[in-house]
Amino acid sequence: MKNREQRDLFPGALEMMILRTLKRQPLHGYALVQHIKRTSNDLLQIEEGSLYPALQRLLKEELVKAEWAVSSTNRRVRIYKLTAAGAKHLQRQVSSFERMLEGITRVLARGES
Amino acid sequence: MNWIKQMFSRRRLYDDLSEEIQEHLDEKIEELVASGMSRKEAAAAARREFGNLTLVQEDSRAVWKWPSLEEFLMDVRFGARTLRKSSAFTAIAVLTLALGIGANTAIFSLVNGILLVSLPYPKAERLVSVTGAYPQGALVAMREQMHTMDVAAYAEGHDFNLTGRGEALRLTGTLVSAELFSILGAHPELGRILDQGEDAPGQDGYVILSHALWQQRFGSDATMIGRSIELEGVSRQVIGVMPADFRFPSTKTQIWIPLHNDPRSIFHYWAGDFMPVIGRLCPDATLQQARAEIRMFQSHASALFPWPMPASWNAGVSVVPLQNGMVADVRVRLLLLLAAVALILLIACTNVANLILSRAATREKEVAIRSAMGAGRQRILRQLLTVSLLLASLGGLLGLVFAMEGLSLLKTLLPADTPRLMDVRMDWRVLVFTGGLAILTGLVVGLAPALQISRAALTESLKSAGRGAASSVSQRLRGGLVVGEIALAVLLVIAAGLMIRSFWALSHVNPGFRSEHVLTARITPNESFCNDAIRCLTFYRNVLDQLQSLPGVSGAAFVNTLPLGGRVSKRSLEVEGYVDPSGGTAPLFWLNIVTPGYFRVMGIPLLSGRGFSDADVSGTPVAVVTAETARRFWPNQNAMGKHIRLLDDKTWRTIVGVISDVRAYDLQRNSPRWIDGTAYVPYNPTATLEDRRVPSEMTIAIRTASDDSQIAAMLRDSVAALNHEVPVSEVRTMGAVVSEAVSAPASTTSLFVAFAGLALLLGIIGIYGVLSFLVSQRTREIGVRIALGAQRADVLYLVMKEGARFSFAGIAVGLTGAFLATRLMSSELYDVSPLDPLTYLGVALVMAAVTSLACYVPTRRAMRVDPIVALRYE
């Protein structure tokens, strides 16, 4: 229970990364988590399971939609796609995240000098 | 988001989720296998990477639901299942709580109906009651002078003969000032109420009937309105019928008669009934203003009287809300009962909490497993609390059933003159109270054990496989609960003990007369019949003559006020050579007017001198006083031969006898506080009451040797033969009169005894349960001890020591609590100190004995422990 909060980085981070990944291409859950892990060079220790509650939240808010399909490896998978609302949401989140990051960076830079 | 659609499509969402997660794991395993791992290792690794599978699923699902409500429903389902499985536990817990909640609900219904629910009149919060009592003259002045409120007065206890329609009937009437009904805001069921001014002489020939009388005596005949009926030989027009739920001032009233405010009859006007006064505050007046005004009025009211009034008369007069005024007498008693049942509920809670703790020992492992499977502590806490809330809700429901039964029992048990008792019913307030109580109970009962269990160290519990050893904290908690439980029981039993002692003292009071074999009845000719005193006296003389010739009658006499009969006959007297130290006014006596032989019939002992003889009826004026009166007016002297005189009487009366004191007012007091002395005079034309008339309402006392009911029938026949217009009423034995006088303390005492018994029973169950559990926990230890050579006595000592620790601690705490709390009930106690050492000691001993007994059964089980069996369990 305790590590879940540490793992989540900050609230909404996982959702943002999911949306960003899905913007590039629709993916199913397993591929999604592998992609996030790979692109982050395994810096982010994400428990694979933690992806699913996040996906359910996004589904509920209709930021993504899901469809069952058959994958190239002949496996029944549920493909997640970004919706228009999801794209807009991602844009907002990313820009606010960038502002926040910029702010943090400045403070950290000043502290060093 | 359409949440309804969501709710129905949820099944599919969940299926999708499970399948998706399963596919995820499969894919991962495939990949790992492909990279060279064995399938078994791959499965484990996939699960490890994935995290807590159950928790992920639960969290994912939680996105779709209203978590708290649904979890709650789930908990309820789960709780119900657990409770069903352990039906014995459930039954005991629910029953215990139901008893506690039921008792509280029943008593609260009384408190609610009598103390809380506002009076059944419009804008009842504006109704007030003046704390003093005033005669007609003062009322009329008050009515004219008060600007903050409209006032009305009433005088209960005026009975009227209803004649001219079959058998003569005695009706209980209340005299009212004309404004009484309009001030209350009461509406008639039929006809009209009194109009202003209809209590003045010449305009007051009316009567208003109660619904019950109209129904029973007049067959609900609507044409009665406007017709006249014969009351005390006077024709009065029926102008209205009040509805069945109009019960002012009490249920007893059958007719309302206007006061006859006649300033010319000075004695009636200024010294007749001293009546309670009620009022309705004027629209913009406050209670404080009314208080100030009544004090102002009081400051010059005494000057209105044609004679000096004592300075103390109504000195502390005030104005209080009518509701408080009406129920002041029962308030303390009701609150005491409420306190008692609250204690019972506390005991019941303690017991159930203890039961849950015992079960907790077995559930600790289950909880540990659940938290190992990923259940949060809060979640477990909530789930445990749900079970206790469920228990309490069931207890509450069953308690409501108990309360309904209990309430109807209470209504018959409580004295019939308890104000507003008829109005008591279970309304929404009672239901809210019960609901709140059940929830509170559930929380109280469940919280301690739940915290206890959910805190339990996970690994510890899992390791101690199967034995489920309760931790020492829980042991201490259970011990504390038992101590508290015994303490509460001690407190209640002491309270009940004091009530019993008080009641015993009260019912063994020497009332000053012998009540066995005495039959009494009111024989009341019309007042006008006694306008001719000789005619009246002759009539009573004839009744006595007829009766005394009957078989089974060993004596009969008349008296105007029967001891404990609820009536006081006051009369100002002059006492020769006595000057009131506080100034001026003649002492007020309780004047008993009796026929010769009264003292013998009632068994009232003469202390000196003689009683009345037939010669006294026409001879020199004489009187008899009570010992208390003799002491008061002639301290250290012989009262015999001294003289007293009825105020305005011409001749002095010689005191020819002193009788022992009679508890005439109630069993605790000979007379009310405002009475200075008690005198007896023989019934003759000079024996007049305050209105300067001979009494026309006499009570006969018959000393019987045979069956009372036969005598009663013969009495009715004799009176009817002499004068068919004279009703015989209130036929009852003196024994019944006495027991009615103790009915209020009797009912309170029996309730307290019932509550104390309940508390004691629950307390015993509590200590028994804890000790049994203790023994079963320590079976192995005891087995080892026996194997190592411990004797039975050692084991006995070992277990009993535990029990005695709880019991002594509980008794000590309980005694201390009683020492502090019982003074609250001192107003309800007669002749017993709230710190009565005998009661305290007795209860302590009884509790020690009873708890030892409760300990003995588990102890015996411990002594029988077979070391081989006990050790083999390991």
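Residues numbered from 1 in each chain as written. Chains lettered and ligands numbered in written order. Predicted model: local features only at pLDDT ≥ 70, side-chain atom pairs only at ≥ 80, totals over all residues. Heavy atoms only, no water.

Below, the discussion takes up the overall build of chain A. Broken down by element type, chain A carries 5 helices and 3 strands. Starting at the N terminus and ending at the C terminus, chain A contains elements arranged as α-α-β-α-α-β-β-α. Out of the 113 residues belonging to chain A, those deemed buried represent 38%. Pairs at least 24 apart in sequence give 46% of the contacts found in chain A among residues at least 6 apart. (Helix = DSSP H or I, 4+ residues; strand = E, 2+ residues; numbered from the N terminus. Buried < 20%, exposed > 50% of the residue type's maximum accessible area, 1.4 Å probe, protein only. Contact = heavy atoms within 4.5 Å.)

What follows concerns the overall build of chain B. The secondary structure content of chain B amounts to 27 helices and 21 strands. Compactness check: chain B gives a C-alpha radius of gyration of 38 Å against a globular reference of 29 Å for 874 residues, more than 25% above the reference. Seen through its C-alpha atoms, chain B measures out along the principal axes to roughly 135 × 75 × 50 Å. Scored against the burial criterion, the 874 residues of chain B give a buried share of 52%. (Rg over C-alpha atoms; globule rule 2.2 N^0.38 Å.)

Within helix 3 (residues 29–39) of chain A, 8 of the 11 residues are buried, which leaves it mostly tucked inside the rest of the structure. Along helix 3 of chain A, the residues that are buried comprise Gly-29, Tyr-30, Leu-32, Val-33, Gln-34, His-35, Ile-36 and Lys-37 of chain A. On the buried face of helix 3 of chain A, the contacting elements are helix 2 (13–24), strand 1 (27–28), helix 4 (51–60) and strand 3 (76–82) of chain A together with helix 2 (10–34) and helix 3 (39–50) of chain B. Looking at the residues trailing helix 3 of chain A, positive phi occurs at Asn-41 of chain A, about 55°.

Let's shift gears to unusual backbone geometry. All names here are of chain B. A cis amide bond, omega -5°, links Phe-248 with the succeeding residue Pro-249. Inspection of the secondary structure assignment puts Pro-249 in the loop between strand 7 (234–241) and strand 8 (255–258). Backbone geometry at Lys-123 places phi at a positive 45°, although glycine is not the residue there. As for its position among the elements, Lys-123 is in the loop between helix 6 (87–116) and strand 1 (127–134). Of note, His-517 is a non-glycine position whose phi angle comes to about 60°, a positive value. As for its placement among the helices and strands, His-517 is situated in the loop between helix 16 (472–507) and strand 11 (518–523). With a relative accessible area of 52%, His-517 lands in the exposed category.

Another point: the pattern of salt bridges. All names here are of chain B. With the rule as written, the count across this model stands at 43 salt bridges over all chains. Glu-730 is the partner of Arg-567 in a salt bridge, and the nearest nitrogen-oxygen pair spans 2.9 Å. Linking Arg-567 in the loop between strand 12 (553–559) and strand 13 (570–575) with Glu-730 in strand 21 (residues 728–733), this pair joins segments that are 163 residues apart in sequence. Judged by its relative accessible area of 24%, Arg-567 falls in the partly exposed class. (Salt bridge = Lys/Arg side-chain N within 4 Å of Asp/Glu carboxyl O.)

With that out of the way, let us pick up the interface of chain B and chain A. In this complex, chain B contributes 26 residues to the contact, which on the side of chain A involves 25 residues. With both chains or domains summed, chain B and chain A bury close to 2400 Å², and 53% of this area falls on carbon and sulfur atoms. Together, Glu-20, His-24 and Glu-27 of chain B form the three largest contributors to the area buried by chain B at its contact with chain A, with a combined 25%. Across the chain B-chain A interface, the total number found is 6 salt bridges. Close ionic contact of Lys-37 of chain A with Glu-49 of chain B constitutes a salt bridge, the shortest N to O distance being 2.8 Å. Across the contact surface, chain B and chain A share 13 residue pairs in polar contact (both at pLDDT 80 or more). Of all the secondary-structure elements, those providing two or more residues to the side of chain B that touches chain A are helix 2, helix 3 and helix 4 (53–62) of chain B. In terms of residue count, the dominant contributor to the side of chain B that touches chain A is helix 2 of chain B (12 residues). Partitioned by chemical class, the residues of the side of chain B that touches chain A number 8 nonpolar, 7 polar and 11 charged. (Buried area = accessible area lost by both parts, 1.4 Å probe. Polar contact = N/O pair within 3.5 Å; in protein donor to acceptor, adjacent residues only side chain to side chain. Nonpolar A, V, L, I, M, F, W, Y, C, P; charged D, E, K, R; others polar.)

Residues and elements named next belong to chain B. Taken residue by residue, chain B gives an average pLDDT of 87. The fraction at 70 or more is 95%. The low-confidence segment residues 465–470 (pLDDT under 50) makes 10 contacts with residues lying over four places distant or belonging to another chain. The ipTM, which scores confidence in the relative placement of chains, is 0.81 for this predicted complex, and the corresponding pTM is 0.72. (pLDDT = per-residue confidence, 0-100.)

Each pair of packed helices can be summarised by the angle the axes make with each other and by the distance between the axes. Residue and element names in this part refer to chain B. Close contact between helix 25 (residues 792–821) and helix 26 (residues 837–863) brings their axes to 9 Å; oriented N to C, the two are set at 150°. Put simply, helix 25 runs roughly antiparallel to helix 26. Note that helix 25 runs across helix 26; the crossing there is right-handed. Residues Arg-792, Val-795, Leu-796, Val-799, Met-800, Gly-803, Ser-807, Phe-808, Ile-811, Leu-815, Ala-818 and Phe-819 of helix 25 form the contact with helix 26, whose participating residues are Tyr-840, Ala-844, Met-847, Ala-848, Thr-851, Ser-852, Cys-855, Tyr-856, Thr-859, Ala-862 and Met-863. The residue makeup of the contact of helix 25 with helix 26, split by class, is 17 nonpolar, 5 polar and 1 charged. (Axes fitted to C-alpha atoms, helices over the stretch in contact; angles between N-to-C directions. Parallel < 35°, antiparallel > 145°, perpendicular 65-115°, else oblique. Left-handed = near helix turned anticlockwise from the far one by under 90°.)

So, on to the side chain of Ser-696 of chain B. All names here are of chain B. Tracing the backbone shows Ser-696 in the loop between strand 19 (677–682) and strand 20 (698–704). By relative accessible area, Ser-696 is classed as buried at 10%. Sequence-distant contacts of Ser-696, that is, excluding residues within four places in its chain, are made with Ile-523, Thr-524, Pro-525, Asn-526, Glu-527, Cys-530, Cys-536 and Tyr-540.

Time to look at the sheet that holds strand 3 of chain A. All names here are of chain A. Strand order in the open sheet formed by 3 strands is 1-3-2, with antiparallel pairing between adjacent strands. The open sheet has two edge strands with one neighbour each: strand 1 and strand 2 (64–70). Where strand 2 and strand 3 come together, 7 bridges link them in antiparallel fashion. When the sheet's bridge partners are listed, Val-64 is paired in strand 3 with Leu-82. (Pairing = 2+ DSSP bridges.)

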